[in-house]
Amino acid sequence: MKRFADVGKAAVTSKGWLPAHKWLLLRRSSQLSILILFLLGPWFGIWVVKGNLASSLTLEVLPLSDPYVVLQSMLAGHLPESTALLGAVVVLLFYLLMGGRAYCSWVCPLNIVTDTASWLRRRIGIKGGSRISRQTRYWLLAVTLLLALFSGTIMWELINPVSQLHRGLLFGMGFGWAVIAAVFLFDLFISRNGWCGHLCPVGAFYSLPGLLSILRVSAVSRERCDDCMDCFVVCPEQQVIRPALKGAENNIGPVILSPNCTNCGRCIDVCAQNVFQFGTRFHNSTNSSNTHLMVGHNKEVIS
Amino acid sequence: MISMQHKQGVNRRRFLADSTRLASGMLLFALGLGLYARKVESLPAIALRPPGAGGEKDFLGACIRCGLCVRDCPYDTLKLATPEEDVASGTPWFEARKIPCEMCEDIPCVKACPTGALDKTLLDIDEARMGLAVLMDQETCLNYLGLRCDVCYRVCPLIGKAITLEPQHNPRSGKHALFIPVVHSEACTGCGKCEHACVLDEAAIKVLPERLAKGVLGRHYRLGWEEKEKAGHSLVAPDTEHRFNLPGQMKYDYEGEGLMRKQPADSPFSDNPLDTLNQRAGGGS
């Protein structure tokens, strides 16, 4: 594997620093703006959004609810009122459009923590660690749902680090910092992308609408790939890239269809060859002259 | 072909090993979380839930921990539990001794709840049952000591209904009255204003969850006087005359008031011990 300092260097040289960090910066702005919108209330008394990611009310009209926690509540035997149900449907529709796990990379506050752990891990060159199956998160998802079903309570929310962090920042963290620190240390020393990429049942849940979601990253110009591996190094879900990027000879289209792609767009940033682009899942023809996306893209290269 | 079969065998063994590992991991996870959840479900006695919350278990299945009730509470009474507290992490609660419920007439916390974990059929805050006040310590309560503190009675939003003052004879001084605060469960909402206002260093009156505060009569119990009133006459057949040998001066069913001692006509003492005391006080002066 390449040395850490070299990852993305080629992209910076060929595209310039800003274009080579475009999606990363947009993503961090998205995560931070959402957090700030929530914090404006408790910190400055400006109530744009009330509540937290479990359920919120925006501008006193728009209800948004986490469909995962609403599902757990329903399994626990409680039929939520229409406000929560409507909120969950709105959120589900949004992620059906934008890619299920876009929640993870564009909204989830814990992502900043785990991305930092991942960055630090590359930076100080920590290798190896515990190998956990990436399927574990689906088992955990099933267990959390079963626990709700059989206990009649939303048990997972007692420890869920994702809601713990967001709620803690807004309502008081208490000992919650220890839970967040545990996730950070786990990702740093024990397992690479261990939480988001292997264990988190919240991400596993949001990957489900991702099975159908419209917006996807596509390796549109995959024939230009020079195997520099930069995208693999930065990708939190490395396994999703290969089928699309190297699928030409197997007649597999260039769109990354895996529901676990978080649409973070970091692969687009670090690719000096401009292989990747955001597109829709429908433009997935195996024909490499993937016309309409290529046109705009070529212009960019020429200019 | 042999090598293919061998490879399949290895794969099968690996698959079985991996699955077993995962399944045991999940079992351990579920066991740990389940035990922790059981512990948390037993809400500590000082923790009160917002108005309209049902039983603790139902509430933990219905509350999604969004904190909207906390945001709409105008008195900062409600707070969300943090993980180190004994209350289920993220759920709303309050401590009466710190900030009691002010019993807003429009019940904004219930209105804010998006899931119905706080029951929207609760329209009158006087119908809320967050707990039940109990005058726990009769040894330190100032009213029991004979003072006119009355603070719990005065601050009660349902003064005269949820807490009344019952006059009693003060046997210590012999000539004063005690005004005993008595909580009535049919009216007390458990808002906690009495506990908050109690002037003692540690409150003598405390709001407890109803399950801890109330006794339950056996289902077969019937209160004779109530049954009598309902039926309009005594449900017990008139007693036949007893023919037991009773000790001297004892008569059965004396003047319709049951077994009692007849006061000898020549007794120098009055029935009422107060008369005796008053006589002596009068004689001394």
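Counting from 1, residues in each chain are numbered in the order their sequence is written. Whichever chain is written first becomes A and whichever ligand is written first becomes 1, with later ones labelled in order. Residues qualify for local features only when their pLDDT is at least 70, as the model is predicted, and side-chain atom pairs are given and counted only at 80 or more; totals for whole chains, interfaces and linings, by contrast, use all residues. Side-chain calculation: all heavy atoms of the structure are included, whereas hydrogens and water are not.

**Q** Honestly, a negative patch on the surface in this entry has me stumped. Any pointers?
**A** Residues and elements named next belong to chain B. A contiguous patch of negative charge on the surface is contributed by Glu105, Asp106, Asp124 and Glu127. Examined against the element boundaries, Glu127 turns out to sit in the loop between helix 4 (108–112) and strand 4 (132–135). Judged by relative accessible area, which is 53%, Glu127 ranks as exposed. Patch building starts from residues that exceed 30% relative accessible area and form no salt bridge, then joins like charges within 9 Å and nonpolar side chains (Val, Leu, Ile, Met, Phe, Trp, Tyr) within 5 Å. Per-residue and other accessible areas follow the Shrake-Rupley method at a 1.4 Å probe size, with only the shown protein chains counted as cover for residues. Between Lys or Arg on one side and Asp or Glu on the other, a salt bridge is scored when a side-chain nitrogen of the former is within 4 Å of a carboxyl oxygen of the latter. For the charge count, each Lys or Arg is scored as positive and each Asp or Glu as negative, with His and the chain ends excluded. Note on charges: their place is set at NZ of Lys, CZ of Arg, CG of Asp or CD of Glu. Helix numbers and strand numbers start at the N terminus; a helix is a DSSP run of H or I with at least 4 residues, a strand a run of E with at least 2. Throughout, exposure labels follow a simple rule: accessible area from a 1.4 Å probe, protein chains only, divided by the maximum for the residue type, with under 20% read as buried, over 50% as exposed, and the rest as partly exposed.

**Q** Would you mind going over the environment of B:Lys193 with me for this structure?
**A** Residue and element names in this part refer to chain B. Note on placement: Lys193 falls in helix 6 (residues 193–197). Note on Lys193: relative accessible area 22%, which makes it partly exposed. Measuring from C-alpha to C-alpha, the distance between Lys193 and Val155 comes to 6.4 Å, with 38 residues separating the pair along the chain. Here, two residues are considered to be in contact whenever any of their heavy atoms come within 4.5 Å of each other. In this view, Lys193 contacts Pro100, Cys101, Glu102, Val155 and Pro157; residues no more than four positions away in its chain are not counted. Pairs of N or O atoms within 3.5 Å make up the polar contacts considered here, provided that, within protein, one atom can donate a hydrogen while the other can accept it, and that residues adjacent in sequence are counted only when both atoms are side-chain atoms. A distance of 3.0 Å separates polar atoms of two side chains, one belonging to Lys193 and the other to Glu102.

**Q** Got a minute to help me understand the nonpolar core in this structure?
**A** Soluble globular proteins tend to bury their nonpolar side chains together. The set of buried Ala, Val, Leu, Ile, Met, Phe, Trp, Tyr and Cys residues whose side-chain atoms join them within 4.5 Å is what this entry labels a nonpolar core. In terms of nonpolar packing, the biggest core is built from 58 residues, with A:Tyr103, A:Leu110, A:Trp195 and A:Phe276 touching the most fellow members. Apart from residues lying up to four places away in sequence, A:Tyr103 is in contact with A:Leu53, A:Tyr95, A:Cys108, A:Val162, A:Val202 and A:Tyr206. Core analysis: the second largest hydrophobic core is formed by 51 residues, B:Phe94, B:Leu132, B:Ile163 and B:Cys198 among them.

**Q** Even after reading the chapter, I still don't get the pairing of strand 3 (residues 62–65) of chain A, so can you show me in this structure?
**A** Within a regular beta strand, the side chains point alternately toward one face of the sheet and then the other, so they alternate between its two faces. In strand 3 of chain A, alternate side chains face the same way, and those of A:Pro63 and A:Ser65 are buried while those of A:Leu62 and A:Leu64 on the opposite face are not. Strands were regarded as paired on the criterion that DSSP finds at least two bridges between them. What sits between the antiparallel neighbours strand 2 (residues 55–58) of chain A and strand 3 of chain A is a turn of 3 residues, in which A:Leu59 has the positive phi angle 50°.

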